[in-house]
Amino acid sequence: MYDWVNVLSAWAIPVLIVFIPLYAAYRKVPVYESFTDGAKDGFDTAVKIIPHLVGMMVAISVFRASGALELTLGWLKPLFQALGVPSEVLPLAILRPITGAGSLAFTTDLIAQFGPDSLVGRIASTVQGSTDTTLYVITVYFGAIGIRKAGYALKVGLISDVVGFVASIVICLLVFAT
């Protein structure tokens, strides 16, 4: 079974890259023109989201430079320690909804420091897969299509991140803690 999955994954992308243009040509879709129109629309979208990205980057920089991140971490560490949760994963709960690159870098550092098979490494990896960069997603995607009122989406997204973080910890503690 494992060998079959490896073969399938190795051939999936090349087959799709060949199949899609051939199928489009068979259906008499102007392949090159459709591709260039899509690329042009993508460029326009990228230009539209630049102000939103700059605003988000400034907010992240202010959050970190002001000491708000460290203050928040200081408040939450005693709670984590009382629950038996490694406090090293706490910054990930705050970074993950804000920045994908920052949370990935932090997870990489945790894995390098504690090892991939450690409880900290497993929790960090599970959090990476169970949560999303909610603020980034709302900023980029909602900004790209012009949605100004994202309050409910923000609440649901952040609640989902908290649930994903807590579930990651609980499941890893149940499965991997000795």
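About the criteria used
- Residues numbered from 1 in each chain as written.
- Predicted model: local features only at pLDDT ≥ 70, side-chain atom pairs only at ≥ 80, totals over all residues.
- Heavy atoms only, no water.
- Patch = residues over 30% accessible without salt bridge, like charges linked within 9 Å, V, L, I, M, F, W, Y side chains within 5 Å.
- Areas by Shrake-Rupley, 256 points an atom, 1.4 Å probe, with all protein chains shown as cover.
- Salt bridge = Lys/Arg side-chain N within 4 Å of Asp/Glu carboxyl O.
- Helix = DSSP H or I, 4+ residues; strand = E, 2+ residues; numbered from the N terminus.
- Buried < 20%, exposed > 50% of the residue type's maximum accessible area, 1.4 Å probe, protein only.
- Phe/Tyr/Trp six-rings, centres within 6.5 Å; stacked < 30°, edge-to-face > 60°.
- Axes fitted to C-alpha atoms, helices over the stretch in contact; angles between N-to-C directions.
- Left-handed = near helix turned anticlockwise from the far one by under 90°.
- Contact = heavy atoms within 4.5 Å.
- Nonpolar A, V, L, I, M, F, W, Y, C, P; charged D, E, K, R; others polar.
- Expected span 1.5 Å × (residues − 1).
- Arc of directions from axis to C-beta.

Turning next to a nonpolar patch on the surface. Among the surface-exposed residues, Val 7, Trp 11, Ile 13, Val 15, Leu 16, Ile 17, Val 18, Phe 19, Ile 20, Leu 22, Tyr 23 and Tyr 26 lie close enough to one another that they form a single nonpolar patch of about 1300 Å² accessible area. Note on placement: Leu 16 falls in helix H1 (residues 2–26). The partly exposed category is assigned to Leu 16, whose relative accessible area is 44%.

In this structure the tally under the stated criterion is three aromatic pairs. Relative to Tyr 26, the ring of Tyr 23 has its centre 6.4 Å away and its plane inclined at 35 degrees; by these criteria the two rings are tilted. Of this pair, Tyr 23 and Tyr 26 both sit in helix H1, three residues apart, which is roughly one turn of the helix. A centroid spacing of 6.0 Å and a plane angle of 40 degrees characterise the contact between Phe 80 and Phe 165, whose relative ring orientation is tilted. Taken together, the positions of Phe 80 in helix H3 (residues 68–83) and Phe 165 in helix H8 (residues 151–176) put the pair 85 residues apart, joining distant regions of the chain. Residue Phe 80 is classed as buried on the basis of its relative accessible area, which comes to 11%.

So, on to the packing of helix H2 (residues 31–65) against helix H7 (residues 134–145). One way to put it is that H2 packs onto H7 with a least axis distance of 8 Å and a crossing angle of 145 degrees. Note that H2 runs across H7; the crossing there is right-handed. On H7, the residues that touch Thr 45, Lys 48, Ile 49, His 52, Leu 53 and Met 56 of H2 are Leu 135, Tyr 136, Thr 139, Val 140, Gly 143 and Ala 144. Grouping the constituent residues of the contact of H2 with H7 by class yields seven nonpolar, four polar and one charged.

Over its twelve residues, helix H6 (residues 119–130) extends 16 Å from the first C-alpha to the last, a length consistent with the 16 Å expected when each residue adds 1.5 Å. For H6, every residue scored as buried is listed here: Val 120, Gly 121, Ile 123, Ala 124, Val 127 and Gln 128. All buried residues of H6 project into a common sector of 165 degrees when viewed along the axis, lining one side. Residues of H6 that are buried sit in contact with helix H4 (90–95), helix H5 (100–114) and H8.

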